[in-house]
Amino acid sequence: MTLISIVVPVYKVQGYLRECLDSILGQSFTDVEVIAVDDCSPDTSGQILAEYAARDPRLTVLSLPANVGLGKARNAGLDAATGEYVWFLDSDDWLTDGALRAVANRLRDTTPDVLIVDHVRVFWNNYQAGSALRQAFPTSPGAEVFDVRTRPETLKVLHTAWNKVTRREFLVDLGLRFETGWYEDVSFTFPLLVAAERITVLDRACVNYRQRRTGAITRTRSARHFEMFDHWGHTFDWLDARGPQADPVRPELFGLMISHYLMVLGHGGRLPRELHREFFARAHADYQRRLPAGGYPEPDGVEGLKRRLLAANRWRTFAALRVGQQARKKLPSVTRRFGRPVKRRLISLARIGRRTLLRGYYRLQLRLPMDESLALYAAYWYRGYSCNPAAIHAKAAQIAPQIRSVWVVRRDRAPSMPPGVPYVVAGTRGYYRALARSKWLINNVNFPDYVRKRPGSVHVQTHHGTPVKVMGLDQQRHPIGATSMNFSLLLRRVDRWDYSVSANHFSTQMWERAYPASFESLDTGYPRNDRLALATDAEVAAAREALGIAPGERVVLYLPTHREHQPGWRPDFDADAFAEVLGPDAWLLIRSHYFHDRQRTGRAPNAPASGRVRDVSAHPVVEDLYLAADVLITDYSSAMFDYAILDRPIVIYAPDAAAYAMARGVYFDITAEPPGAVATTFGHLLDVFRTGAVDDDAAAKARTQFRGRFCHLDDGHAAERVVRRALLGEPASPAAS
């Protein structure tokens, strides 16, 4: 018999599910079965589950025909479990390294009915709260086996299912099932603990409990929080059915119930204000109904006063007490902020200059009416007309001509703007006016921190790549690659987004994890790639001719990415030696990353100045280079995802893959799931081209799999889908994937 069955209910967790599954299936202890219950999830979670199940037989996927909620999804997983023990793990949390082996050892040593494991809370800003178990057990009980009558403090452990590993036969014999509705853990956990005769504790953090910035029930304002009354009712009904056996723990559970009610009532983000009084009345009714005959241990101080007010149904006094407490909490903040306006004025007077005046002009423009027909476009920190914003702009001109447009461009890049495209130079009055008054703001990076989102305006974040390297908040775990990044400011920028454009479902999953906010994801494919998806032979020939490439000549494009953690990095790449291997009828085009444009000396890294090697770093349109190239060589650049649309050979040249993954962080191993051949040394790269491995059967198969995963939305109509949804407000139209 398998030792542990891990039941993972899945619903709208596409951004977190991979991390959860990897944390289970990647453990050194392997005697587990994982039962993932797809609760009719509307996102791509089902695809992720299918992908993992195809490569690991320990994962079984149950796909429910309709959404039934967390409780019933767990029940379905329990019914399918065959392990000696069952562990219910939430799909947005993840196990710590070595957790399964530690749990297995404790289970074998003590054979408990219930094993309680420790956890840590991991917040969106990467802050980790300390041990949760020590709040109930200041002194570790070690491997002691006990029940709640001998150790009633056990009931104070967080009442969730995922911090308990339960003997399956005991659970089945008990007949305990998860009820429906929010707070279903209450009516499961407490009966489980009261009934268990053998409980033990593992004082080791086994679960990373994700504190989500958005999407969590505990951060959702809703009347559904009233459902907790039902679950506490189920709990006490169960106690009543057990008679005197449950009397010793009744006072402790009553105190926990009242504490839970007051906590939810006092949490400003859970209950709509107009429902506070009704919630208080329901809590008072439960107080009167469930109060043990001998009373219960009442806390001292303000917390005790709150309970006495609840017992007496004194809502107005209770509400006044809350207002007073909230005012006291805000007082230090108000004190710190006092005088800031004066300080700001002094600083402004000391630093008056053109930028200060223009920022004031921007704030003035924000007070004027918004231009309901103006869209502002930008790309790559105002580097010019390019990427997804350019493709959206061109399509909007065709199907939404009533929307006027203006681009933002740096002064030194203004000459590169296409004829007829209106633009403003960054930092000018026209720029600040357009920034303040445009209804639509469309960019493939973020607008500056000082930009304020006006009510009714629409911000479209198009992004500019499929993430191999970790992005956004995920960079907090890789500080070497995120030097000087202010994540609080990042989230302020992300909170402006109304739409996030995705090249593929994988990107959507990562964006939702890296940028937790309330934007709408547009799984449209990248607008800039419409040209590649629809490219004709004539366009390919024209692109090659414009570069001076004769028919029949082979073109290899080398496009390495930037290393934020290695300023001045240069690849181990000998362009002359590589050109010699290609032969006299081939061209090697080398293009540096756009981050290098300010220090460029006219040559790409390691590129000779003449011969059959050409530096194309300054070429304005990278899609021209894709069309002209017969083969792409890259490392971790998003260029591979764009180029794969053309279904031509791609070679991954990653001599520093391990170091890059450790320092910068990656979402997947591009050398293990590549779009073609892989080389990890320059000599190996030369052999790939000498032997024909660049496009042999193995490389072609890898490319097909890669295209199926990452290019499934690229049908040539991405820009139109974005324009119709984000600019015209039409219902989202799915791609023909």
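Residues numbered from 1 in each chain as written. Predicted model: local features only at pLDDT ≥ 70, side-chain atom pairs only at ≥ 80, totals over all residues. Heavy atoms only, no water.

Caption draft 1: The arrangement of the overall build of the protein in detail. Helix and strand content of the protein: 26 helices and 21 strands. Computed over the C-alpha atoms, the radius of gyration of the protein is 30 Å, within 12% of the 27 Å expected from 2.2 N^0.38 for a compact globule of 737 residues. Along the first, second and third principal axes, the C-alpha atoms of the protein reach 95 × 65 × 45 Å. Expressed as a percentage of its 737 residues, the buried residues of the protein come to 55%. Of the roughly 32200 Å² that the protein leaves accessible, carbon and sulfur atoms contribute 51%. (Helix = DSSP H or I, 4+ residues; strand = E, 2+ residues; numbered from the N terminus. Rg over C-alpha atoms; globule rule 2.2 N^0.38 Å. Buried < 20%, exposed > 50% of the residue type's maximum accessible area, 1.4 Å probe, protein only. Areas by Shrake-Rupley, 256 points an atom, 1.4 Å probe, with all protein chains shown as cover.)

Caption draft 2: View of the packing of helix α8 (residues 250-266) against helix α10 (residues 301-311). Interhelical geometry of α8 versus α10 gives an angle of 90° and a closest axis separation of 11 Å. Judged on the interaxial angle alone, α10 and α8 are roughly perpendicular. Residues Gly255, Ile258, Ser259 and Leu262 of α8 lie in contact with α10, whose contacting residues are Lys306, Arg307 and Leu310. The residue inventory of the contact of α8 with α10, partitioned by class, reads three nonpolar, two polar and two charged. (Axes fitted to C-alpha atoms, helices over the stretch in contact; angles between N-to-C directions. Parallel < 35°, antiparallel > 145°, perpendicular 65-115°, else oblique. Contact = heavy atoms within 4.5 Å. Nonpolar A, V, L, I, M, F, W, Y, C, P; charged D, E, K, R; others polar.)

Caption draft 3: Molecular detail of unusual backbone geometry. For cysteine 40, which is not a glycine, the phi torsion comes out positive at approximately 55°. Take cysteine 40: its relative accessible area is 36%, and that puts it in the partly exposed class. Positive phi values are uncommon outside glycine, yet asparagine 313 reaches one of about 60°. Tracing the backbone through its elements, the reader meets asparagine 313 in the loop between α10 and α11 (315-337).

Caption draft 4: A look at the state of the cysteines. Overall, the coordinates contain zero disulfides when judged by the stated rule. Here cysteine 206 stays free of any disulfide, with the sulfur of cysteine 20 as its closest cysteine sulfur at 14 Å. No disulfide involves cysteine 711; its nearest neighbouring cysteine sulfur is the one of cysteine 387, lying 15 Å away. (Disulfide = S-S within 2.5 Å.)

Caption draft 5: Fine view of helix α25 (residues 697-710). When the terminal C-alpha atoms of α25 are compared, their 20 Å separation across 14 residues agrees well with the 20 Å that a helix rising 1.5 Å per residue should span. Backbone nitrogen of alanine 698 and a side-chain oxygen of the N-cap are separated by 3.2 Å at the start of α25; the cap is aspartate 696. (Expected span 1.5 Å × (residues − 1). Polar contact = N/O pair within 3.5 Å; in protein donor to acceptor, adjacent residues only side chain to side chain.)

Caption draft 6: Spotlight on the packing of aromatic side chains. Inspection of the entire model under this criterion finds 43 aromatic pairs. Centre to centre, the rings of phenylalanine 178 and phenylalanine 188 are 3.9 Å apart; their planes meet at 15°, and the pair counts as stacked. Residue phenylalanine 178 is found in the loop between α5 (168-174) and α6 (184-195), and its partner phenylalanine 188 is found in helix α6; the two are separated by 10 residues along the sequence. Phenylalanine 178 gets classed as buried once you look at its relative accessible area, which sits at 4%. Look at phenylalanine 254 and tyrosine 287: their rings are 5.1 Å apart centre to centre, the planes differ by 75°, and that puts the pair in the edge-to-face class. Placement of phenylalanine 254 in helix α8 and of tyrosine 287 in helix α9 (residues 276-290) is noted, with a sequence separation of 33 residues between them. (Phe/Tyr/Trp six-rings, centres within 6.5 Å; stacked < 30°, edge-to-face > 60°.)

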